[in-house]
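In case you want the letters, here they are:
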Amino acid sequence: MKIEDYFKKYNSSTQGLSLEQVVINRSIFGSNSVSIKKRFTLITTLLTQLGSLFSIILCTAAIILFFLQEYIDFYVVLVVIIINALIETIQRYKSDSILKSLIKVLPSSSLVRRNDKKIRINSEEIVVGDILYLQAGDKVPADSLIINSENIKIDESILTGESLPISKNSARHYDLDTVIDNPAMVFCGTHVVSGNALVLVVYTGNSTQIGKIATQANTLDKQLPLYKDIQKLSFRIFLFVVFLILFVCIVGLIREQSYLSLFKVSVALLVSAIPESLPVIITLILAYGFKRMSDKNVLVRKMHSLDVLGKINILALDKTGTVTHNQMKVEKIFTFNNQEFYVTGSGYNPKGQIVFKDAVVPLQKDSDVDILIKSGVLSSDGSYYYDQDKKDWSLDSGDPTEVSLLVLGEKTQNTKENLSIQYTLKQNIPFTNQSKYHSAIYLHGGKTIKIYTGAPETIYKMSTHVLVNGENKKITKEIDELFVQKIKEYSKQGYRLLACCVEESNKIVCKGIFAISDSIREDVYQSIIQVYEKGIDIIMITGDHKDVALQVAQKIGINASEHTILTGDDMNSLTDVQIKNVILNKNVFARVTPSQKLKILELFKSFGKTVAMTGDGVNDTLALAKADIGISMGTISSDAAKEASDIILLNNSFGSIVYGVEEGENIFANIRKTILFLLSTNFAEMFVVIFAITLALPLPLSSSGILWLNLVTDTFLVVGFALERNCVQCRQQQKIITRRDWKRMIYLGFIMTLVSLIVFITNKDVSVLYAQSLTLLVLIVMQWFNVLNVRSGDESITTYGFNLNPIFIFGFIISITLTIFAFAYEPLREILRIHPITLGDWVYVFLIAFSIILFEEFRKKAQKTRLFLRK
């Protein structure tokens, strides 16, 4: 459609809407506000968490304990349920803040034309059909079509990830469905870098591209792998317990036992099956990880996501702002004596040096490269400054490519201030889309000179000579070939190119070429190597152009080529099945939209991959929210990106990701050890009950004794895992509990069962209560020894060492103290139904409990000879 058709469609014109039409259009198309349906209330979210399988099992146990008038046990279990549900609820309830942050991209006010009058209104009052005035420095308030413009450039990195501003113009026909490479449309939330334009609003509020992202983000709700693993674990435990209860009931009915006794046995099994302290210990492990990450300037917003970092096998990188600074930097300088110089430094930071043939060289005055740099600085406009809040250099005004020349001048002491002593500015002619260059007229040494900087093809075409070793030489065929070769080489590498020429004494002399790129962060390359060494695959997903993406990917160490790139246009031309068939062979995705970023992550996750995503713009919000773990940059990320992420790198250091992965590996390993330790005890408790029923014995353990063992003894023993730093976890393992772990838990549980039954059977003739007390004590002491077994992994405790961290020592002291207190303090003995025991009993229990270490050491040695518990 033509612009006139849109005027007719919205009853508008270049004079703007009438006040009456504003009301009509608002009623038809809505106001310019992003409205989001609230997904969660605190109560509904809390109820949802209480409905999880783990909570249901605990609630069932609590209800049964209440009706059995076991009130102490009931209250203990109830507290565990509430604490666990509250932690999960608070984390999930925060997710709605993502949507609130997306709304912040709207400017507070905008300049519009209504009733043929120019007025400033609140941006939320804008309606479809409004005529807006845009100028340099403005933020676009709504998706709009350009009616007419004057050299307007838009920074669309917030939506597309493209680092360079985009030139915009009016068109004969308009395409409203294209975001990337749409030269005649401006989008809500983007910034006007230069120029001005008159535009017609066609989309407002939820219909804008930003609004669509917010709406789609409202439907996303990821479930962290840790939750999935715990749910699977809970479900397996639940099925196992149901099977055991049915078995016990069948055996009991055959032996004509009373319903009440069978009910008590079922309660004992249910209570023994649940690792009540598991949620508390996992939270503690994550909390210590949270603190360690904070010490490294890494803010973990969603604590339960920490363990994911230890399990990721794909790291998806956004380019602009994450891998790169989103700050243009002159990287290479080419002069026509066929010399190429490299420029060190980063972004707009004015510290850097000139490198020639791998050696830093002083810049010789009036050399070809010195003259080229001076010419580039003199013909550039703009400014940059050090932002104290962001602790980084930032663009103040002007085109980023021209500002990069000013930064280059600062690095070489050719600042505009210094040059103005010799050069007097007479006229400045800004860049235009028609001329494709920026020119400036100066008075120098009594002569008038005109300097041009712009597109190399344009500058070279208008030149009559080139500068070679201080002399102006006529352009020859050899020079033509050299120029074409260099332009082709730089273009293929994805550089933004500027050439510079000077008109003086009836000659137009081309001085050389600047190769400019978005500056890569200093620590990225080394961090990429470290990530690869950990067995993690790296992909790059960006809205930038294919050539730029390939160049950056290769620079930072990604093994990318033309064959490993997939573009947004490619994705549009392929079916979902076709994309899925090729996606694992691609590691660079260029010119993709926010929705395509989301689709890419979903496809990788469909292959069972655990994906971490880095990003900083609004265009990354969906991907950050969908990834197993989203990572944003502290000072440069949009509010929406920060809210969508799980982790924020406060110091913008990409290297912090590597530390996070290492911390995640430790957390993952420690959670595994915790589960292995707790469940091996639970299996022992269940097996003791089952074997006792099978052998027609009294119950060796009471419900209160089991709860004391699970909540008090075990809890304090495993808190030391929170401080463990020696990760023996294999990176290839993704499941929190493997088949071999199950075998090991059953093995340890069976050994503890065997020892416990021996103790119970050999002492039950004294009294059942006495035998139950010794059985409880031997299980407690075996756990003291078993924590050493589990802590050392597959290594012998003699080689792994007894050098316990302070928390382990503290946990042992507390557990031993509470155990002595429970067996010595009469009121507590009555609550726990414990018989008094003697010092000789303690010695007997310690000697027989030590067998758990002997059995486990035998297993570890046998495993090393590939005889036992193979993977």
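Residues numbered from 1 in each chain as written. Predicted model: local features only at pLDDT ≥ 70, side-chain atom pairs only at ≥ 80, totals over all residues. Heavy atoms only, no water.

Enquirer: Just give me the short version of the overall build of the chain, but keep the residues and values in it.
Expert: Looking only at helices and strands, the chain has 33 helices and 28 strands in total. Within the chain, contacts between residues at least 6 apart in sequence are counted, and of these 71% link residues at least 24 apart. Carbon and sulfur atoms make up 57% of the accessible area of the chain, which amounts to about 36400 Å² in all. (Helix = DSSP H or I, 4+ residues; strand = E, 2+ residues; numbered from the N terminus. Contact = heavy atoms within 4.5 Å. Areas by Shrake-Rupley, 256 points an atom, 1.4 Å probe, with all protein chains shown as cover.)

Enquirer: For the environment of Glu562, give the residues involved together with the corresponding values.
Expert: Its place among the elements puts Glu562 in the loop between helix H19 (546-555) and strand E24 (565-567). A relative accessible area of 41% means that Glu562 is categorised as partly exposed. For Glu562, the residues in contact, after removing those within four places along its chain, are Lys546 and Leu550. Polar contacts involving the side chain of Glu562 include one to the side chain of Lys546, which spans 3.3 Å. (Buried < 20%, exposed > 50% of the residue type's maximum accessible area, 1.4 Å probe, protein only. Polar contact = N/O pair within 3.5 Å; in protein donor to acceptor, adjacent residues only side chain to side chain.)

Enquirer: Break down the side chain of Ser815 for me, citing the residues and quoting the values.
Expert: Residue position: Ser815 is located in helix H30 (residues 806-824). Overall, the relative accessible area of 1% leaves Ser815 in the buried class. The contact partners of Ser815, leaving out residues within four places of it in the chain, are Thr713, Phe716, Leu717 and Trp784.

Enquirer: Provide a residue-level description of the confidence of the model for the chain, including the pertinent values.
Expert: In this model, the chain carries a mean pLDDT of 83, and residues with pLDDT of at least 70 account for 87%. Overall, residues 94-99 carries pLDDT values under 50, and its contacts beyond four positions in sequence, including any with other chains, amount to 16 contacts. Counting contacts from residues 728-732, a segment whose pLDDT is below 50, to residues more than four positions away or on other chains yields 14 contacts. (pLDDT = per-residue confidence, 0-100.)

Enquirer: Mind laying out the packing of helix H27 (residues 739-763) against helix H33 (residues 851-864), listing which residues take part and the relevant values?
Expert: Contact geometry of H27 with H33 gives a least axis separation of 10 Å together with a crossing angle of 145°. Helix-helix and strand crossings are classified by hand; for H27 and H33 the assignment is right-handed. Residue-level inspection shows Arg740, Arg744, Tyr747, Leu748, Ile751, Met752 and Val755 of H27 in contact with H33, the latter providing Ser851, Ile852, Phe855, Glu856, Phe858, Arg859, Lys860 and Gln863. Looking at the contact of H27 with H33, its residues break down into 8 nonpolar, 2 polar and 5 charged. (Axes fitted to C-alpha atoms, helices over the stretch in contact; angles between N-to-C directions. Left-handed = near helix turned anticlockwise from the far one by under 90°. Nonpolar A, V, L, I, M, F, W, Y, C, P; charged D, E, K, R; others polar.)

Enquirer: Which residues make up unusual backbone geometry, and what values do they have?
Expert: The residue Lys436 is not glycine, and still its phi comes out positive at about 65°. Residue placement: Lys436 occurs in the loop between strand E16 (423-429) and strand E17 (437-444). Exposure remark for Lys436: the relative accessible area of 40% places this residue in the partly exposed category. Although it is not a glycine, Asn469 sits at a positive phi angle of roughly 50°. Relative to the assigned elements, Asn469 resides in the loop between strand E19 (465-468) and strand E20 (471-474).

Enquirer: Talk me through helix H25 (residues 656-694); I want residue IDs and the actual numbers.
Expert: In this model H25 runs 56 Å from its N-terminal to its C-terminal C-alpha over 39 residues, within 8% of the 57 Å that 1.5 Å per residue would give. Where burial is concerned, most of H25 is hidden: 36 out of the 39 residues are buried. Ala696 sits one or two positions beyond H25 and adopts a positive phi of about 60°. (Expected span 1.5 Å × (residues − 1).)

Enquirer: Describe a nonpolar patch on the surface, and please don't skip the residues or the numbers.
Expert: Together, Phe235, Phe238, Leu239, Val242, Leu246, Ile250 and Ile254 give the surface a local cluster of nonpolar side chains, amounting to about 670 Å² of exposed area. Counting through the fold element by element, Ile250 comes out in helix H9 (residues 225-254). (Patch = residues over 30% accessible without salt bridge, like charges linked within 9 Å, V, L, I, M, F, W, Y side chains within 5 Å. Salt bridge = Lys/Arg side-chain N within 4 Å of Asp/Glu carboxyl O.)

Enquirer: Quick one: what's the story with the sheet that holds strand E26 (residues 611-615), residue by residue and with numbers?
Expert: Strand order in the open sheet made by the 8 strands is E8-E28-E27-E26-E9-E23-E25-E24, with mixed pairing throughout. The open sheet is flanked by strand E8 (298-300) and E24, the only strands paired with a single partner. In this sheet, neighbouring strand axes are inclined to one another by 20° on average, regardless of whether the strands run parallel or antiparallel. Lying over the sheet, H19 contacts strand E23 (537-541), E24 and strand E25 (588-590), oriented at roughly 150° with respect to E25. (Pairing = 2+ DSSP bridges.)

Enquirer: Which residues make up the packing of aromatic side chains, and what are the values?
Expert: A ring pair, where both rings are aromatic, is described by two values, the distance of the centres and the angle of the planes. The full count for this structure, using the stated rule, is 23 aromatic pairs. Residues Tyr460 and Phe483 carry aromatic rings whose centres are separated by 3.9 Å and whose planes lie at 5° to one another, so their mutual orientation is stacked. Of this pair, Tyr460 sits in helix H16 (residues 456-462) while Phe483 sits in helix H17 (residues 477-492); the two residues are 23 residues apart in sequence, bridging distant segments of the chain. Geometrically, the ring pair formed by Phe823 and Trp842 is edge-to-face, given 6.1 Å between the ring centres and 70° between the ring planes. With Phe823 in helix H30 and Trp842 in helix H32 (residues 839-849), this residue pair connects regions lying 19 residues apart in the sequence. Each member of the pair, Phe823 together with Trp842, is buried. Grouped by ring-pair contacts, the aromatic residues Tyr6, Tyr10, Phe29 and Tyr174 constitute a single cluster. Just above the ring of Phe431 sits the side chain of Lys153; from NZ or CZ to the centre is 4.4 Å. (Phe/Tyr/Trp six-rings, centres within 6.5 Å; stacked < 30°, edge-to-face > 60°. Lys NZ or Arg CZ within 6 Å of the ring centre and 35° of its normal.)

Enquirer: Account for the pairing of E19, with residues named and values stated.
Expert: Burial along E19 is two-sided: the residues His465 and Leu467 and Val466 and Val468 are all buried. The pairing of E19 with E20 spans 4 bridges and is antiparallel. Across the sheet, His465 pairs through a bridge with Lys474, a residue of E20. The turn joining E19 and E20, which pair antiparallel and follow one another in sequence, is formed by 2 residues; a positive phi near 50° is taken by Asn469. As paired elements, E19 and strand E22 (residues 507-520) share 2 bridges and run parallel to each other. Paired with His465 across the bridge in E22 is Val509.

Enquirer: Can you explain empty space enclosed by the protein? Please cite residues and give values.
Expert: This structure, assessed with the given rule, holds 3 cavities of 30 Å³ or more. Estimated volume of the largest cavity: approximately 50 Å³. In terms of lining residues, the largest cavity is bounded by Pro700, Leu701, Ser702, Gly705, Gln772, Ser773, Leu776, Leu832, Arg833 and Ile834. Considering every element that reaches the lining of the largest cavity, the biggest residue donor is helix H28 (residues 768-791), with 3 residues. Taken together, the residues of the lining of the largest cavity sort by class into 5 nonpolar, 4 polar and 1 charged. (1 Å grid on protein atoms, 1.4 Å probe; cavity = no way out; pocket = protein on both sides within 12 Å on 5 of 7 lines; lining within 4 Å. Points joined across faces, edges and corners; volume = space filled by probe spheres on them.)

Enquirer: Could you give an account of the pairing of strand E21 (residues 496-504), naming the residues involved and the relevant values?
Expert: As paired elements, strand E18 (residues 447-454) and E21 share 5 bridges and run antiparallel to each other. Paired with Gly454 across the two strands is Ala499, which belongs to E21.

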